[in-house]
Amino acid sequence: TDPNTRNPKQMKILQLGKFHPVRGGVEKVMYDLMTGLSERGVDCDMLCALSRGGPRTIPVNAHARLIGCRTWMKVAATMISPGMIFSLRRRCGEYDIIHVHHPDPMACLALFLSGYRGKVVLHWHTDIEKQKILLRLYRPLQEWLLGRADLIVGTTPVYTAESPCLARVRHKTACLPIGVDPVVPDPEKAEALRRKYPGRKIIFSLGRLVAYKGYRYLIEAARYLTDDYVVLIGGSGPLMCELQAEIETRGVEDRVRLLGRIPDGELPAYYGACDVFCLSSVQKTEAFGIVQIEAMSCGKPVVSADIPHSGVSWVNRHGVSGLNVPPKDAWALAEAVMAVAGDGRAYAGFAAGAERRYRETFTRGRMIDNVLEIYTRLWKEPKLSQVK
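All values reported here derive from a predicted model rather than from experimental measurement.

What counts, and where the lines are drawn
Residues numbered from 1 in each chain as written. Predicted model: local features only at pLDDT ≥ 70, side-chain atom pairs only at ≥ 80, totals over all residues. Heavy atoms only, no water. Patch = residues over 30% accessible without salt bridge, like charges linked within 9 Å, V, L, I, M, F, W, Y side chains within 5 Å. Areas by Shrake-Rupley, 256 points an atom, 1.4 Å probe, with all protein chains shown as cover. Salt bridge = Lys/Arg side-chain N within 4 Å of Asp/Glu carboxyl O. Lys, Arg positive; Asp, Glu negative; His and termini not counted. Charge placed at Lys NZ, Arg CZ, Asp CG, Glu CD. Helix = DSSP H or I, 4+ residues; strand = E, 2+ residues; numbered from the N terminus. Pairing = 2+ DSSP bridges. Axes fitted to C-alpha atoms, helices over the stretch in contact; angles between N-to-C directions. Buried < 20%, exposed > 50% of the residue type's maximum accessible area, 1.4 Å probe, protein only. Phe/Tyr/Trp six-rings, centres within 6.5 Å; stacked < 30°, edge-to-face > 60°. Lys NZ or Arg CZ within 6 Å of the ring centre and 35° of its normal. Parallel < 35°, antiparallel > 145°, perpendicular 65-115°, else oblique. Contact = heavy atoms within 4.5 Å. Right-handed = clockwise from strand over helix to strand, strands pointing away.

Chemist: Which residues make up a positive patch on the surface, and what values go with them?
Modeler: Taken together, the side chains of Arg23, Arg52, Arg56, Lys74 and Arg208 present a region of like positive charge at the surface. Position of Lys74 relative to the elements: it lies in strand E5 (residues 73-75).

Chemist: Mind laying out the sheet that holds strand E16 (residues 322-325), listing which residues take part and the relevant values?
Modeler: Within the open sheet, the 6 strands sit side by side as E13-E12-E11-E14-E15-E16. Their pairing is parallel. Edge positions in the sheet fall to strand E13 (256-260) and E16, since each has one partner strand and no second. Averaged over all adjacent pairs, the angle separating strand axes in this sheet is 20°, with direction ignored. With 3 bridges joining them, strand E14 (residues 276-279) and strand E15 (residues 302-305) adopt parallel strand pairing. Bridge pairing in E15 links Cys278 to Val303.

Chemist: Any details on unusual backbone geometry? Residues and values, ideally.
Modeler: Here the bond from His102 into Pro103 is cis, since omega is 10°, no more than 30 degrees from zero. In this fold, Pro103 is placed in the loop between strand E7 (97-102) and helix H3 (105-114). The phi angle at His309 is positive, at roughly 70°, despite the residue not being glycine. Assignment of secondary structure puts His309 in the loop between E15 and helix H11 (312-315). Residue classification places His309 among the partly exposed residues on the basis of a relative accessible area of 41%.

Chemist: Explain the packing of aromatic side chains to me, using residue names and the numbers behind them.
Modeler: Considering all chains together, one arrives at 8 aromatic pairs under this definition. Arranged with centres 5.8 Å apart and planes meeting at 85°, the rings of Phe288 and Phe362 form a pair that is edge-to-face. Here Phe362 lies in the loop between helix H13 (344-361) and helix H14 (364-380) and Phe288 lies in the loop between E14 and helix H10 (290-297), a separation of 74 residues in the sequence. Clustering of aromatic rings is evident, with ring pairs tying together Phe204, Tyr270, Tyr271 and Phe277. In this structure, Arg357 packs its charged tip against the face of Trp314, placed 5.1 Å from the ring centre.

Chemist: So, the sheet that holds strand E2 (residues 43-50): which residues are in play, and what are the values?
Modeler: If you trace the 8 strands from one edge of the open sheet to the other, you get E3-E4-E2-E1-E7-E8-E9-E10, paired in mixed fashion. On the outer flanks of this sheet lie strand E3 (56-61) and strand E10 (173-175), each paired with one strand and no other. Averaged over neighbouring strand pairs, the angle between their axes works out to 25° when direction is ignored. Pairing between E3 and strand E4 (residues 64-69): 5 bridges, direction antiparallel.

Chemist: Outline the packing of helix H12 (residues 330-341) against H13, listing residues and values.
Modeler: Between H12 and H13, whose axes approach to 6 Å, the crossing angle comes to 95°. Accordingly, the angle class assigned to the pair H12 and H13 is roughly perpendicular. Contacts from Ala339, Val340 and Ala341 of H12 reach H13 at Ala346, Tyr347 and Phe350.

Chemist: So what's going on with the pairing of strand E12 (residues 229-234)? Which residues, and what values?
Modeler: The buried fraction of E12 is high, at 6 of 6 residues. What you see with E12 is no split at all: Tyr229, Val231 and Ile233 on one side and Val230, Leu232 and Gly234 on the other are buried throughout. Sheet analysis places strand E11 (residues 201-206) next to E12, joined by 6 bridges and oriented parallel. Bridged to Leu206 within E12 is Gly234. The β-α-β motif built from E11, the intervening helix H7 (residues 215-221) and the parallel element E12 has right-handed crossover chirality. In this structure, E12 lies alongside E13, joined through 4 bridges in parallel fashion. Bridge pairing links Val231 to Val256 in E13. Note that the unit made of E12, helix H8 (residues 240-250) and E13 has a crossover that is right-handed.

Chemist: Describe a nonpolar patch on the surface, with residues and values.
Modeler: On the surface, a cluster of nonpolar side chains totalling about 230 Å² of accessible area is made up of Leu109, Phe112 and Leu113. You can see Leu113 is positioned in helix H3. With relative accessibility at 35%, the residue Leu113 sits in the partly exposed group.

Chemist: Give me the environment of Val100: which residues, what numbers.
Modeler: Assignment of secondary structure puts Val100 in strand E7. For Val100, a relative accessible area of 1% puts it in the buried group. Discounting chain neighbours no more than four positions away, the residues touching Val100 are Leu16, Ala107, Leu111, Val120, Val121, Leu122, His123 and Leu145.

Chemist: How would you sum up the pairing of strand E1 (residues 12-20)? Please name residues and give values.
Modeler: Across the 9 residues that make up E1, a large majority, 8, are buried. Two elements, E1 and E2, share 7 bridges in a ladder whose sense is parallel. What sits directly across from Gln15, in E2, is Met46. Across 4 bridges, the pairing between E1 and E7 is parallel. Bridging across to E7, Gln15 finds its partner in His99.

Have a look at this one:
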């Protein structure tokens, strides 16, 4: 059969990597690709390690299954799940395309040992920055994966252009921006939150309390804000006590609140209540910042750090959806927040720009359109990997 006459709905796709339930951005992208494609009538499964329990297969809908494998242990942020190897070997022949998500050494090893001969899309979410020992051990397998992939997709053009790991394979890279469904705040719940901080502009930030998120600089920035601002930081993590001590040392207890983990059902109210969203991350481990586009979907301007070689400042277009400032610069963060929120006319322009940037680039529907086009081209054009 001429491949150009085939219906793309005949394709069968596998998302491979990470774990379930969803905790972070990579798993969310995998899950949203599976559900979004299957809602379009394309068969798309997801094979991953389970954070607990297993193994089990969970039907998602008529065109999708989540195939979960038991995890033995977690080492250097990697789920050790030999079941992924055996499960993929058994079923890899069912799929036209395997879409493997990096960084995940377990998924890469499973693909390497599977004997799979079909098309491979490698989703390069981020370089391995923190686990240096793991990277030394993993590098030969990573190099095999880069060579094996027919196409490598990155979440922003900045990351794929500037990652040193991708230098020799840039001829087969493409950009696939992450997309999410719009966050829809309940107006009454958002208003109830605003009433807790009467007369104050709310600066909201959300993420794990870890060093690369740069929260110490956001806390320091609160010193330079006037009394009509309050900074709310949602999330839990190992630095909770250290950051609380920082708040007290800086004397900003009246301007900064650590909220702990915010239940999913309550998050929309915080996005709805805030005036500005702030992403203070300082390392390119923060490659995209999904929280930025969630805020933009609510028409909230963003202040973020212009991290070298990261896509964060590409997502938040400077002067359109918000402002980008140098990383690790508390004064610049405070200045940007006041520039965005302190002038009503400027604020209205940033708010409209944020919502427009979300709608034009970062919707879930647009992400599914884009990945479906990528799969269809790869399915029909065996030499796509040679196309620059």
